[in-house]
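Below are the chains, spelled out letter by letter.
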Amino acid sequence: MKIIDESQIIVRLSKPEERRRAFEEMVCAYRETVYWQIRRMVFNHDDADDILQMTFIKAWTSVDKFRAESKLSTWLYRIAMNETLTFLTRQQQHQQISIDEVDSNLLNTLESDIYFDGNELQRHFQRALQTLPPKQRQVFNLRYFDDMKYEDISFLLGTTVGALKASYHHAVKKIQVYLDSVE
Amino acid sequence: MAKEELLKRVGRENPYRVPEHYFEDFTVRLMDSLPVVDAPVVTTVPLWKRVTPWASVAAVLIGVVFLIQSLSQGKAKVASLNITQEQALNLSDEEVEIVIDNSLLDGYALYEYLTDASQF
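Only a predicted model underlies this, so the values are computations on that prediction, with no experimental measurement involved.

Draft legend 1. Layout of the pattern of salt bridges. For the structure shown, the criterion picks out twelve salt bridges over all chains. The partner of A:Asp147 in a salt bridge is B:Arg12, with the nearest N and O atoms 3.2 Å apart. Here B:Arg12 lies in the loop between helix H1 (2-10) and helix H2 (22-33) and A:Asp147 lies in the loop between helix H7 (134-144) and helix H8 (150-157), a pairing that spans two chains. Note on B:Arg12: relative accessible area 36%, which makes it partly exposed. Three or more residues are tied together by salt bridges with common partners; here these are A:Arg12, A:Glu18, A:Arg21, A:Glu24 and A:Glu25.

Right, dumping it as structure tokens:
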């Protein structure tokens, strides 16, 4: 990730003549971290690509609403998470399929995904993650992969630290039970 | 601890890849597709403006707390099961494990809670 001076970018975003260039710099700085947040939620590259694009378009069209009270990165992650949850809800409603079907669909998807390099254990791990409800998966990803502090997750998701800790603990247990059952 | 066990078992390695030059190409594609937006104004709120409403609320709350305390003097204290955000932060993962394992809270109840409590 490129290091950028957020305060400088914010100032430049407010100037019409510099806005586009500043936005591009912001995209370059955050595109990868935001992408991986999304990809870990939806698993599939094409879906992650669509959501990433939507995230930045939404940021562009609502940049005037950004009031610099939070970090640019936090603002972007919030938009990305909202877009991701909306996508997953829509997908679930659209498909109307059972949990078993979701499970076997994911297995087929991972088997045929040219952008998945994992071994058998990682495949099982990804399937275990897929069994978590989206919000719990979000909490798990932020804590497990990004080592994010509970206070920061709480700020990002608007949920209490106690609930986050409990949710994370349950997620870890569920994943272990799943892995035990397939190994 | 559960997290360490899981880390040892599956690690944190990212098994996913992206197409070659994906991120560079993404930026070009995105910038080409951005809609035209009229000059936005990014408002930077000065610190004093952000603090003033909270200071007013805090002053009122302190007043209310003093009022309640003076009214309830002599009454027996009632133990509360609620914990504050700060207390929750101080709980270690091991303590959370013990509390959750011994509570009647299941995954579904948590999921419902998270769904209701989230404010995006």
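Draft legend 2. View of the interface of chain A and chain B. On the chain B side, the residues contacting the 76 residues of chain A number 59 residues. Between chain A and chain B, roughly 6,400 Å² of surface is buried when both sides are summed, and carbon and sulfur atoms account for 61% of that area. The tally of links from chain A across to chain B stands at four salt bridges. As a salt-bridge pair, A:Asp180 and B:Arg9 come within 2.7 Å of each other at their nearest N and O atoms. Inspection of the region where chain A meets chain B yields 19 residue pairs in polar contact (both at pLDDT 80 or more). For the side of chain A that touches chain B, the secondary-structure elements that each account for two or more residues are helix H1 (6-13), helix H2 (16-42), helix H3 (45-61), helix H4 (72-95), helix H6 (120-130), H7, H8 and helix H9 (161-182) of chain A. Looking at the side of chain A that touches chain B, the element that brings in the most residues is H9(A), giving 15 residues. Here the residues of the side of chain A that touches chain B are counted per class, giving 38 nonpolar, 18 polar and 20 charged.

Draft legend 3. The arrangement of the packing of H3(A) against H4(A) in detail. All names here are of chain A. For the pair H3 and H4, the least separation of the axes is 9 Å and the interaxial angle reads 130°. If you check the angle between H3 and H4, you find them oblique. You can see that H3 and H4 cross each other, and the crossing is right-handed. On the side of H3, the interface is formed by Asp-47, Ile-51, Met-54, Thr-55, Phe-56, Lys-58 and Ala-59, while H4 contributes Trp-75, Leu-76, Ile-79, Ala-80, Glu-83, Thr-84, Phe-87 and Gln-91. For the contact of H3 with H4, the per-class residue count stands at nine nonpolar, three polar and three charged.

Rules used throughout
Residues numbered from 1 in each chain as written. Chains lettered and ligands numbered in written order. Predicted model: local features only at pLDDT ≥ 70, side-chain atom pairs only at ≥ 80, totals over all residues. Heavy atoms only, no water. Salt bridge = Lys/Arg side-chain N within 4 Å of Asp/Glu carboxyl O. Helix = DSSP H or I, 4+ residues; strand = E, 2+ residues; numbered from the N terminus. Buried < 20%, exposed > 50% of the residue type's maximum accessible area, 1.4 Å probe, protein only. Contact = heavy atoms within 4.5 Å. Buried area = accessible area lost by both parts, 1.4 Å probe. Polar contact = N/O pair within 3.5 Å; in protein donor to acceptor, adjacent residues only side chain to side chain. Nonpolar A, V, L, I, M, F, W, Y, C, P; charged D, E, K, R; others polar. Axes fitted to C-alpha atoms, helices over the stretch in contact; angles between N-to-C directions. Parallel < 35°, antiparallel > 145°, perpendicular 65-115°, else oblique. Left-handed = near helix turned anticlockwise from the far one by under 90°.

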